[in-house]
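Secondary and tertiary structure notes
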Amino acid sequence: MEAAAVAWTAAGVGMALVYWFVWVMGAAEVKGKRAVDLKMGSITNDKVRDKYTQYWSFFRRPKETATTEASAEKVPAFVDTFYNLVTDIYEWGWGQSFHFSPSLPGRSHREATRVHEERVSDLLGAKPGHRLLDVGCGVGGPMRAIAAHSGSQVVGITINEYQVNRARTHNRKAGLDSRCEVVCGNFLSMPFADASFDGAYSIEATCHAPRLQDVYGDVFRVLKPGGLYVSYEWVTTSLYRADNSEHVEAIHGIERGDALPGLRRQDEIASIAKEVGFEVLKELDLALPPALPWWTRLKMGRIAYWRNSLVVRVLTMLRVAPKGVSEVHEMLYETAQHLTRGGETGIFTPMHMVLLRKPAAAADTK
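Figured I'd write up the structure that's included with this text.

What counts, and at which threshold
Residues numbered from 1 in each chain as written. Predicted model: local features only at pLDDT ≥ 70, side-chain atom pairs only at ≥ 80, totals over all residues. Heavy atoms only, no water. Helix = DSSP H or I, 4+ residues; strand = E, 2+ residues; numbered from the N terminus. Buried < 20%, exposed > 50% of the residue type's maximum accessible area, 1.4 Å probe, protein only. Contact = heavy atoms within 4.5 Å. Areas by Shrake-Rupley, 256 points an atom, 1.4 Å probe, with all protein chains shown as cover. Phe/Tyr/Trp six-rings, centres within 6.5 Å; stacked < 30°, edge-to-face > 60°. Pairing = 2+ DSSP bridges. Salt bridge = Lys/Arg side-chain N within 4 Å of Asp/Glu carboxyl O. Axes fitted to C-alpha atoms, helices over the stretch in contact; angles between N-to-C directions. Parallel < 35°, antiparallel > 145°, perpendicular 65-115°, else oblique. Left-handed = near helix turned anticlockwise from the far one by under 90°. Nonpolar A, V, L, I, M, F, W, Y, C, P; charged D, E, K, R; others polar. Core = buried A, V, L, I, M, F, W, Y, C linked by side-chain atoms within 4.5 Å. Polar contact = N/O pair within 3.5 Å; in protein donor to acceptor, adjacent residues only side chain to side chain.

1. Observations regarding the overall build of the protein
Across its full length, the protein holds eleven helices and eight strands. Among the 366 residues that make up the protein, the fraction classed as buried is 55%. Restricting the contact set of the protein to residue pairs at least 6 apart, pairs at least 24 apart contribute 78%. Summed over its atoms, the accessible surface of the protein is roughly 16,400 Å², and 55% of this surface lies on carbon and sulfur atoms.

Now the structure itself:
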């Protein structure tokens, strides 16, 4: 009898743990995506592993992905594949804002994220009546924060159709669908009229562009004369040394695991902005002191990693999640290690901020 009681107790505890890890444990910031709901975007379950293999083959040598016109033209399609693979995992483990922010004393990661997003709104001087463009909006976390903070209308563009649907769902749930619009498209050639936005911003998104001139040029085109543009850029800093193998491995690891066709240098950004016609009003690395480390969220302990990995493997075994999810989860974990290394050594920042203005006398097209 005692053995039976112990067995039933153990079974009950095991079932409770499975229920907690799999059905209860949701996103770290906003429980809008549970582990049992993990999908790979619009990729059918039988194609996930193949798509992951194709992605990894394309980005295994990041610097070579945009060396020719033909390879550069393939980048948007593979970025789309990347976000099909990672969007649900990001929401599950990170929340609805797919970006970093400086840590703030006594504030949660969620609060620090909101402050980082509202800074964009304040830099733009956004207010009711303004029409803003979110360049690379993801599932719309920043869009909703900025619309709520400023009262502006915000139009977001993302290349990934699955993210469009997720963003629209979140907008409705937040009661902001009347002020937040989401469009599926390529930010290198946007489906918007010339001079149709009062302001624009991109938060850690333009790093996916093979040539920054192309995306900045199209932002310049759609801005009204005098309009402001804020961008948070992923870049290597002046501390990066191309002859240091550890530096190279960290940067290549970031590029491989985040669908980047080669990170740009920090000192290139302002000159590229000027090249397409912008005035550079301000340039600042928001990761520098007194800002606290942005990479603290990535320092996942081994227990937390084991827990998440176990959940993914169990769901795959039960066929709740498609084959290939484990590989994607492992890729993101390894990428987090490279990002952390980049932050700790100071060779990489995800928040090099530039505030740009389209001259008031500028023509509508550039």
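2. Some thoughts on the packing of aromatic side chains
Applying the stated criterion across every chain, the model contains 19 aromatic pairs. Note on Y216 and Y229: the rings are 5.5 Å apart at their centroids and 90° apart in plane angle, and the pair reads as edge-to-face. Of this pair, Y216 sits in helix α7 (residues 212–222) while Y229 sits in strand β5 (residues 223–236), and the two are 13 residues apart along the sequence. Look at Y229 and you get buried, because its relative accessible area is 0%. Among the aromatic residues, ring-to-ring pairing joins Y55, F58, F59, F78, F82, Y83, Y90 and F98 into one connected group.

3. Considerations on the pairing of strand β8 (residues 348–357)
Here β8 lies mainly inside the structure; nine of its ten residues are buried. Pairing of β5 with β8, which is carried by eight bridges, proceeds in the antiparallel orientation. Across the sheet, the residue bridging to V235 is T349, located in β8.

4. Considerations on the pattern of salt bridges
All chains considered together, the criterion is met by 13 salt bridges. The residue R256 makes a salt bridge to E249 at a minimum N-O spacing of 2.9 Å. The closest approach of N and O atoms between R265 and D267, which form a salt bridge, is 2.9 Å. Residue class for R265 comes out partly exposed when judged on its relative accessible area of 47%. What you see here is one network of salt bridges that share partners, running through D194, D218 and R221.

5. Brief notes about the packing of helix α4 (residues 109–124) against helix α5 (residues 141–150)
Relative to each other, α4 and α5 sit at 55°, their axes nearing to 9 Å. Between α4 and α5, the crossing angle belongs to the class labelled oblique. For α4 against α5, the interelement crossing comes out right-handed. Across from E117, E118, V120, S121 and D122 in α4, the residues of α5 making contact are G141, P142, A145, I146, H149 and S150. For the contact of α4 with α5, the per-class residue count stands at four nonpolar, four polar and three charged.

6. Points about the nonpolar core
Grouped together as the largest cluster of nonpolar side chains are 41 residues, with contacts concentrated most on Y201, V230, W234, W294 and F348. Listed in part, the 29 residues of the second largest apolar core include A200, A209, V215 and Y216.

7. A few points about the packing of helix α2 (residues 48–59) against helix α11 (residues 325–345)
Following both chains from N to C, one finds α2 and α11 inclined at 35°, their axes separated by 9 Å at the closest point. Along the contact surface, α2 presents V48, R49, Y52, Y55 and W56, while α11 presents V325, E327, V328 and M331.

8. Quick notes on the side chain of D218
For D218, the location among the structural elements is in helix α7. A polar contact of 2.6 Å, which involves the side chain of D218, links it to the backbone nitrogen of M190. Among the polar contacts listed, one links the side chain of D218 to the side chain of R221, at a separation of 2.8 Å. Contact partners of D218, with chain neighbours within four places excluded, come to F187, L188, S189 and M190.

9. Describing the pairing of strand β4 (residues 197–203)
Counting buried residues in β4 gives six out of seven residues, a clear majority hidden from the surface. As paired elements, strand β1 (residues 131–135) and β4 share three bridges and run parallel to each other. Residue D134 lies in a different strand from β4, and its bridge partner there is Y201. Pairing of β4 with β5 involves six bridges; the strand directions are parallel. Counted as the bridge partner of G199 is L228 from β5.

10. Points about unusual backbone geometry
A cis amide bond, omega 15°, links P289 with the succeeding residue P290. Its location among the elements puts P290 in the loop between β7 (279–285) and α10 (302–317). The backbone of A195 shows a phi angle near 50°, a positive value even though the residue is not glycine. When you line up the elements, A195 lands in the loop between β3 (180–184) and β4. Positive phi outside glycine occurs at A259, with the angle close to 60°. Assignment of secondary structure puts A259 in the loop between α8 (245–257) and β6 (264–265). Take A259: its relative accessible area is 0%, and that puts it in the buried class.

11. Considering the side chain of H352
Position of H352 among the secondary structure elements: in strand β8. Engagement of the side chain of H352 in a polar contact is seen with the side chain of Q266, the distance being 3.2 Å. Not counting residues up to four positions away in its chain, the partners in contact with H352 are S231, Y232, E233, V235, Q266, I269, E283, L284 and D285.

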